[in-house]
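# Structural characterization, general
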Protein chains: 2
Amino acid sequence: MHRTHNCGELRREHAGQTVTLAGWVNSYREQGKELVFVDLRDRYGKTQVTFITEEGSKIDSIARKLRREDVIKVVGEVRYRGEALVNSKLQTGDIELRAIQLTVLSRSKTPPFEIEGGELPNEELRLKYRFVDLRRPELQKSIILRHNLVQAVREYFNTRDFLEIETPMLGRSTPEGARDYLVPSRVHHGSFYALPQSPQIYKQILMVAGYDRYYQIARCFRDEDLRADRQPEFTQIDVEMAFVERDDILNTIDGLVSFVMQKVRGVTMQTPLPRYTYADVMERFGCDKPDVRFAMEIVDIGDIAAASGFGVFKAVTASGGRVRGLNVKGAAEKYSRRLLDVDLKNFVGDFGAKGLAYMKVTGGKLESTIAKFFTDDHQQQIIARMGGEEGDLLLFVADTPKVTNAALAALRNRLGKELNLYDPSEFKCIWVLDFPLLTWNAEEGRFDAEHHPFCQPNPEDAEYLKTDPGKVRADSYDLVVNGYEAASGSVRIHDSEIQQMVFDLLNIKSEEAERRFGFLLEALRYGAPPHAGIALGLDRWVMLLAGDENIRDVIAFPKTQKAADMLTGAPAPVDDRQLKDLHIEVAELPKK
Amino acid sequence: MHRTHNCGELRREHAGQTVTLAGWVNSYREQGKELVFVDLRDRYGKTQVTFITEEGSKIDSIARKLRREDVIKVVGEVRYRGEALVNSKLQTGDIELRAIQLTVLSRSKTPPFEIEGGELPNEELRLKYRFVDLRRPELQKSIILRHNLVQAVREYFNTRDFLEIETPMLGRSTPEGARDYLVPSRVHHGSFYALPQSPQIYKQILMVAGYDRYYQIARCFRDEDLRADRQPEFTQIDVEMAFVERDDILNTIDGLVSFVMQKVRGVTMQTPLPRYTYADVMERFGCDKPDVRFAMEIVDIGDIAAASGFGVFKAVTASGGRVRGLNVKGAAEKYSRRLLDVDLKNFVGDFGAKGLAYMKVTGGKLESTIAKFFTDDHQQQIIARMGGEEGDLLLFVADTPKVTNAALAALRNRLGKELNLYDPSEFKCIWVLDFPLLTWNAEEGRFDAEHHPFCQPNPEDAEYLKTDPGKVRADSYDLVVNGYEAASGSVRIHDSEIQQMVFDLLNIKSEEAERRFGFLLEALRYGAPPHAGIALGLDRWVMLLAGDENIRDVIAFPKTQKAADMLTGAPAPVDDRQLKDLHIEVAELPKK
């Protein structure tokens, strides 16, 4: 071992001992001709190493050539600094290491950016020099947090009879095939494996096979056009249980969240976590993943609007649209007319809203260019409905239900953030239940599965399955944290006939269903227990817990938004011989 | 929850309680018109459920329609069976569940083979019906053992400052590229990712990045022609440490093995595990992964053979060959002349040996058709050298060094097994050290890396790097368990110049090295600590610990020897549209 202690370990009680440290030269400074100070760094901390010059000594001449990020090994004596010289910023600030022997293990070129402090370069350069970037304390903290989080998750499940079971990476292409990463087979000409978008079917098979409590920290893949917070490969905490009902999963995950928060953050969570229905959050927050760290709920004034003299509102309600608004507490003076008429209006416009109406509560009445269209009585009704008080700003969108949802949800999130309506370090988790089973795909003229095709229809809605499928709720649930979908799951279908019926609704023909899911349908015919499960996005959880805003900062070797690895240069062209072995050819690029 | 207890949990102290169990109908029998007995099974155990007929009762009519593997839920009263009726074969044998209410959760078709007992069908059928196969107690035991083993491994590393860090699956094709699974990129036309054969380079980068103790239970991929105990995707326990030397890795893994054996098997291992050099095991056992559960070492009699009157032996030694043998203790009467002349001779013939000479120790002399070519003195020398005693069988192969190694190693393994020279449940681990750095590839006229191109040359052999590279030992090590390679690792090169020199020796041109490993060479220039690592084959370890002989029995969803998944039918053809999106085409099969 090239060290006896690490750089975060030495304390006053080690004084007098001869020890060996090894690490990176974090900083270097000379004091006159006599002294050279080096802060030596490893992932455990930093220790000050002091070299005292003796004319002509070898150690001195080596020490004077040290540069940042060189890797060295120092044998030295631990010295107490004395009260006056204690450095309270360092864990090891009580002591210094008086160097006796110095070995340079490895030299470093000048790093392309600073490890501590300094301005960060563009992300591409950071990713290319990831071996330098990963030395930065912020990234190190996230990587260590990730480790601790994962181990806490495992501890929770391991002590509750769950088995961690690995499922294949080389699987079969599924109906969401368009987003599959494919792997050509060398042995089977013209055939392909698909990398899993989730271990969904395998974990259901495990339930049929009797392994009634399964989890896995599973790598999954999705070849989609990448958004800022998505990665082509991502990790999910994958869970499935048999002989359970919906609430058993919710309770299990409530327990997991509270266990993990306690372990990793020392925070006690109130459980059960609040449960909302999909219908409820859509009405109150306009979206299925509301940030409930602040209130500012959406309020419907459609009835008042319809009775008012304001033509725009009346027309919207008459055509089946809705008039809904937000009360931005005490913000009447915070937004200028220009901000309201241009900035916020354009903002909601991006979500399809044709306009943004605003009124200020002043002297117990509404002040607005449109106030004149509302009688005193209607004004009082609006103020009462919105909970308006002196100085509040009321904002309204009148549009289709879909547009009012989208525009007001986005507006609410924006205002919550820019008005600092919540503590960004707070952590608010809620359940959203009873999603619709199906969503109508107008383009293809058929229903799509809202969650996936294996989701159990809510038994209470069984009657609508044949008469009005769009009305059927799923036995499904999302866990929403600070406005992010942090987990998603459902009770699964365990009856092959119901499964076949759902495939029919999704217009997956029996032949196709048989070809793609035949083995699942068959499995359901050999004694399938009721089962349910959930998957939690690990990267997202680490990001939320670390307070990071960039998902690439919680992954050791992430890919760019163009799915490229800047470090290794993947993906890259390969030898023709490799392609020949795999029986594939690269197609010509279509001419533009 | 569809149950209050599991099927392995109820004991006499539960008598009188009303409980709910759920599980699979393991067996069913009627006793006259009054009684129906069902053994209900889940992964925790079995419980006998008793249905008492009451004419016309609904529960009775349902119970009489139960069939094996139906999934049911039973509410019932726990009854103590009484001393005379206790079934000591069941953990729950003290009690029975007197059914009050029965719900059929799911029906099962007749399973294609028995869950317990019964003759096993061919493996293809088992893999197709994996959801049935996985219910068999043998497979369940292995899957649970695998879980326990993995958690013990994590516990060991987690409590020793190691961090579990995930490395990418979508990486870059490496020099062993011919065995890479490739993944076409949709975004980057004509470019490909490669699935990792190991996280080797990433873990080295992590060391450069300062994460000095890393582990990962990592899925790896290798597209090779499959042998019985290999899988296209496999799992390795991947470990890397910085600021360490070889012995630190050996000690760490000694600790791991002994911790895991204690946890999983309750066995105390003697550590340090015995350490052999490569040169030593090749001489004594003829191979680099000897099974040391039994002795029967290879003995060289080349000098005696050269001095003897036996022309065959003399010719071999004269041409630089070797004459070496095994003493099969007390086996003189166990092998007939026919077995020796035909069976064993053909056996060593498969390893290139032109013949097998044999002598029996009888009356203090050698008895053999070739004994006459050896003087009494030479006979006594051979007996002494071989440790021969009355009734021993001495077997000799005279051939090139390579052939005597291969033939005698295989013969030794065969004899050890067929003569029951060891306890098959025993567990003997040894280290093999100091492998050659390079092996000569005569076909391509260059050296290949014995382990991989990042392996540190043994500093003692530095002088040969330029003069006689074939002589250079690597700072590498294998852990061998019962004749299997169970782990393999090395000290890595942490100096970019030495790395470049090794690339040169391997005839990897600088341009190619730069293209393929440029980022590693670059990383080594930014402060790389000395580091070393190892990877343990998880599937192999589970197999050894479970006493399985088939690696597919320790993997939940394995692939066949043709890399096919019999359950899902992967790999399979995909839609043309998918291929078009990926810019690839399937090549025509070459005409035969």
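Residues numbered from 1 in each chain as written. Chains lettered and ligands numbered in written order. Predicted model: local features only at pLDDT ≥ 70, side-chain atom pairs only at ≥ 80, totals over all residues. Heavy atoms only, no water.

### Description of the overall build of chain A
The cut-off we apply is this: Put simply, DSSP marks the helices as runs of H or I at least four residues long and the strands as runs of E at least two long, and each gets a number from the N terminus on. Here the term buried applies to any residue with accessible area under 20% of the maximum for its type, exposed to any over 50%, and partly exposed to those in between, with areas from a 1.4 Å probe on protein chains only. The contact criterion used is simple: two residues touch if any of their non-hydrogen atoms lie within 4.5 Å. Counting rule for charge: Lys and Arg are taken as positive, Asp and Glu as negative, and neither His nor the chain ends is counted. Taken as the charge location is NZ of Lys, CZ of Arg, CG of Asp or CD of Glu.
Scanning chain A for helices and strands turns up 17 helices and 23 strands. Projected onto the principal axes, the alpha-carbon positions of chain A cover approximately 95 × 75 × 60 Å. Taken across its 592 residues, chain A has 58% of its residues classed as buried. Within chain A, counting contacts between residues at least 6 apart in sequence, those at least 24 apart form 67% of the total. When the 80 basic and 90 acidic side-chain charges of chain A are each reduced to a single mean position, those positions are 5 Å apart.

### Structural notes on the environment of A:Ser173
The condition that has to hold: Side-chain atoms alone can form a polar contact between residues adjacent in sequence; in general such a contact is a pair of N or O atoms within 3.5 Å, and within protein one must be able to donate a hydrogen while the other accepts it.
With respect to the element layout, A:Ser173 can be found in the loop between strand 6 (163–164) and strand 7 (182–184). For A:Ser173, a relative accessible area of 9% gives the class buried. Separated by 22 residues in the primary sequence, A:Ser173 and A:Leu195 have C-alpha atoms spaced 7.8 Å apart. Every residue in contact with A:Ser173, bar those within four places of it in the chain, is listed here: A:Asp180, A:Leu182, A:Ala194, A:Arg516, B:Val574 and B:Gln578. Polar contacts involving the side chain of A:Ser173 include one to the side chain of B:Gln578, which spans 3.1 Å.

### What to know about the environment of A:Lys354
Residue and element names in this part refer to chain A. For lysine 354, the location among the structural elements is in the loop between helix 10 (337–349) and strand 14 (357–362). Overall, lysine 354 belongs to the exposed group, its relative accessible area being 66%. Lysine 354 has contacts with Lys345 and Asp399, leaving out every residue within four places of it along the chain. Reaching out from lysine 354, the side chain makes a polar contact with the side chain of aspartate 399 at a distance of 3.2 Å.

### Here we look at the pairing of strand 16 (residues 393–399) of chain A
Residue and element names in this part refer to chain A. Selection rule: We call two strands paired when DSSP finds no fewer than two bridges between them.
Among the seven residues that make up strand 16, seven are buried, leaving the element largely enclosed by the rest of the structure. Both faces of strand 16 are covered, namely the face carrying Leu393, Leu395, Val397 and Asp399 and the face carrying Leu394, Phe396 and Ala398. With seven bridges joining them, strand 13 (residues 322–328) and strand 16 adopt antiparallel strand pairing. Residue glycine 325 lies in a different strand from strand 16, and its bridge partner there is phenylalanine 396. Where strand 14 and strand 16 come together, four bridges link them in antiparallel fashion. Along strand 16, the bridge assignment pairs tyrosine 358 with leucine 395.

### Considering the interface of chain A and chain B
What counts here: Note on definitions: buried area is the accessible-area loss of two parts on being combined, 1.4 Å probe, summed for both. Take a side-chain nitrogen of Lys or Arg and a carboxyl oxygen of Asp or Glu: if they are within 4 Å of each other, that pair is a salt bridge.
Contacts between the two partners involve 126 residues from chain A, matched on the other side by 126 residues from chain B. With both chains or domains summed, chain A and chain B bury close to 11400 Å², and 58% of this area falls on carbon and sulfur atoms. Three residues, A:Glu166, A:Phe243 and A:Tyr526, lead the burial of chain A against chain B; their summed loss comes to 7% of the area buried on that side. Taking the shortest distance from any N to any O, the salt bridge between B:Glu166 and A:Arg146 comes out at 2.7 Å. Examining the composition of the side of chain A that touches chain B, we find that 10 residues originate from one element, helix 4 (residues 137–158) of chain A, more than from any other. As paired strands, strand 23 (residues 584–586) of chain A and strand 23 (residues 584–586) of chain B are joined by three bridges and run antiparallel to one another. For A:Glu585, the partnering residue across the bridge sits in strand 23 of chain B and is B:Glu585.

### A few points about a negative patch on the surface
Short version of the rule: Residues enter a patch when their relative accessible area is above 30% and they make no salt bridge; the linking distance is 9 Å between like charges and 5 Å between nonpolar side chains (Val, Leu, Ile, Met, Phe, Trp, Tyr). Residue-level accessible areas treat just the shown protein chains as cover; the underlying method is Shrake-Rupley with a 1.4 Å probe.
A contiguous patch of negative charge, built from A:Glu585, A:Glu588, B:Glu585 and B:Glu588, is present on the exposed surface. With respect to the helices and strands, A:Glu585 occurs in strand 23.

### Quick notes on the relation of the copies chain A and chain B
Filter applied, for reference: Superposing copies: least-squares fit, C-alpha atoms only, residues required to have pLDDT of at least 70 in both.
Overlaying chain A on chain B yields an RMSD of 0.1 Å, the required transformation being a rotation through 180 degrees with an accompanying axial translation of 0.0 Å. Accordingly, the operation relating the two chain copies is best matched by a two-fold axis. Most of the interface of chain A is mirrored in chain B, where 100% of its interface residues are also at the interface.

### A look at helix 9 (residues 311–318) of chain A
All names here are of chain A. What counts is decided by this rule: Arc definition: directions from the helix axis to the C-beta atoms.
When helix 9 is considered as a whole, its buried residues turn out to be Phe313, Val316 and Thr317. Buried residues along helix 9 cover an arc of 95 degrees about the axis, so they all sit on one side. On the buried face of helix 9, the contacting elements are helix 8 (302–307), strand 13, strand 14 and strand 16. Positioned one or two residues after helix 9, glycine 320 has a phi angle of 85 degrees, which is positive.

### Here we look at the packing of aromatic side chains
Note on aromatic pairs: each is described by the distance of the centres and the angle between the planes. Convention followed: Each Phe, Tyr or Trp ring, with Trp reduced to its six-membered ring, pairs with another whose centre is within 6.5 Å; inter-plane angles below 30 degrees give stacked pairs, above 60 give edge-to-face pairs, and intermediate values give tilted ones. Whether a charge lies above a ring is judged from NZ of Lys or CZ of Arg, which has to be within 6 Å of the ring centre and within 35 degrees of the ring normal.
Taken as a whole and judged by the stated rule, the model has 50 aromatic pairs over all chains. On the basis of an interplanar angle of 25 degrees and a centroid distance of 5.2 Å, the ring pair of A:Phe310 and A:Phe373 is categorised as stacked. Here A:Phe310, found in the loop between helix 8 and helix 9, pairs with A:Phe373, found in the loop between strand 15 (365–367) and helix 11 (376–386); they are 63 residues apart in sequence, far enough to count as distant. Consider the rings of B:Phe294 and B:Tyr422, whose centres lie 5.5 Å apart with planes at 20 degrees: the pair is stacked. On the criterion of sequence distance, the pair formed by B:Phe294 in the loop between helix 7 (278–285) and strand 12 (299–300) and B:Tyr422 in the loop between helix 12 (401–418) and strand 17 (429–433) is long-range, its members being 128 residues apart. Put simply, the rings of A:Tyr156, A:Phe157, A:Phe162, A:Tyr215 and A:Phe259 touch in pairs and so form one group of aromatic residues. When the ring centre of A:Tyr80 is taken as origin, the NZ or CZ atom of A:Arg12, which lies over that ring, is 3.7 Å away. Across the ring face of B:Phe259, the terminal group of B:Arg160 is positioned such that the distance to the ring centre comes to 6.0 Å.

### A closer look at unusual backbone geometry
Excluding glycine, a negative phi dihedral is what most residues carry, and trans is how most peptide bonds are arranged. Residues and elements named next belong to chain A. With an omega of -5 degrees, the peptide bond between threonine 271 and proline 272 qualifies as cis. At phenylalanine 243, a residue that is not glycine, the phi angle is positive and equals roughly 60 degrees. Here phenylalanine 243 is to be found in the loop between strand 10 (233–242) and helix 6 (246–265). Since its relative accessible area comes to 0%, phenylalanine 243 is described here as buried. Even without a glycine there, the phi angle at histidine 583 is positive, about 60 degrees. In this structure, histidine 583 sits in the loop between helix 17 (576–581) and strand 23. Looking at histidine 583, the relative accessible area reads 17%, which means it is buried.

### A word on the domain arrangement of chain A
For clarity, the cut-off: Throughout, the edges of the domains are those of an automatic or database domain assignment.
Taken domain by domain, chain A holds domain 1 (12–106), domain 2 (139–275 + 428–555) and domain 3 (294–418). Put simply, the middle of domain 1 of chain A and the middle of domain 2 of chain A, counted by C-alpha atoms, are 52 Å apart.

### Regarding the packing of helix 4 of chain A against helix 16 (residues 538–546) of chain A
Residue and element names in this part refer to chain A. Keep this limit in mind: Axis geometry follows a simple rule: fit a line to the C-alpha atoms, using only the stretch in contact for helices, then measure angles between N-to-C directions, giving values from 0 to 180 degrees. When an angle is under 35 degrees it counts as roughly parallel; over 145 it counts as roughly antiparallel; between 65 and 115 it counts as roughly perpendicular; any other value is oblique. When the near helix sits turned anticlockwise from the far one by under a right angle, the crossing is termed left-handed; a clockwise turn instead gives a right-handed crossing. Residues are grouped as follows: Ala, Val, Leu, Ile, Met, Phe, Trp, Tyr, Cys and Pro are nonpolar; Asp, Glu, Lys and Arg are charged; all remaining types, including Gly, are polar.
For the pair helix 4 and helix 16, the least separation of the axes is 10 Å and the interaxial angle reads 120 degrees. Our classification of the angle between helix 4 and helix 16 gives oblique. Pair helix 4 / helix 16 crosses with right-handed handedness. Contacts between helix 4 and helix 16 involve Lys141, Ser142, Leu145, Arg146, Leu149 and Val150 from the former and Leu538, Asp539, Trp541, Val542, Leu545 and Ala546 from the latter. Grouping the constituent residues of the contact of helix 4 with helix 16 by class yields eight nonpolar, one polar and three charged.

### Some remarks on the sheet that holds strand 4 (residues 71–80) of chain A
Residues and elements named next belong to chain A. Taken in spatial order, the five strands close into a barrel running 1-2-3-5-4, and their pairing is mixed. Each adjacent strand pair in this sheet contributes to an overall mean axis angle of 55 degrees, direction not counted. Here strand 3 (residues 45–52) runs beside strand 5 (residues 95–106); their pairing, made up of two bridges, is parallel. Directly across from valine 49, in strand 5, lies its bridge partner leucine 97.

### Here we look at the sheet that holds strand 1 (residues 18–31) of chain B
Residues and elements named next belong to chain B. Taken in spatial order, the five strands close into a barrel running 1-2-3-5-4, and their pairing is mixed. Strand-to-strand twist across the sheet, computed as the mean angle between neighbouring axes with direction ignored, equals 55 degrees. Here strand 1 runs beside strand 2 (residues 35–42); their pairing, made up of seven bridges, is antiparallel. Bridging across to strand 2, valine 25 finds its partner in leucine 40.

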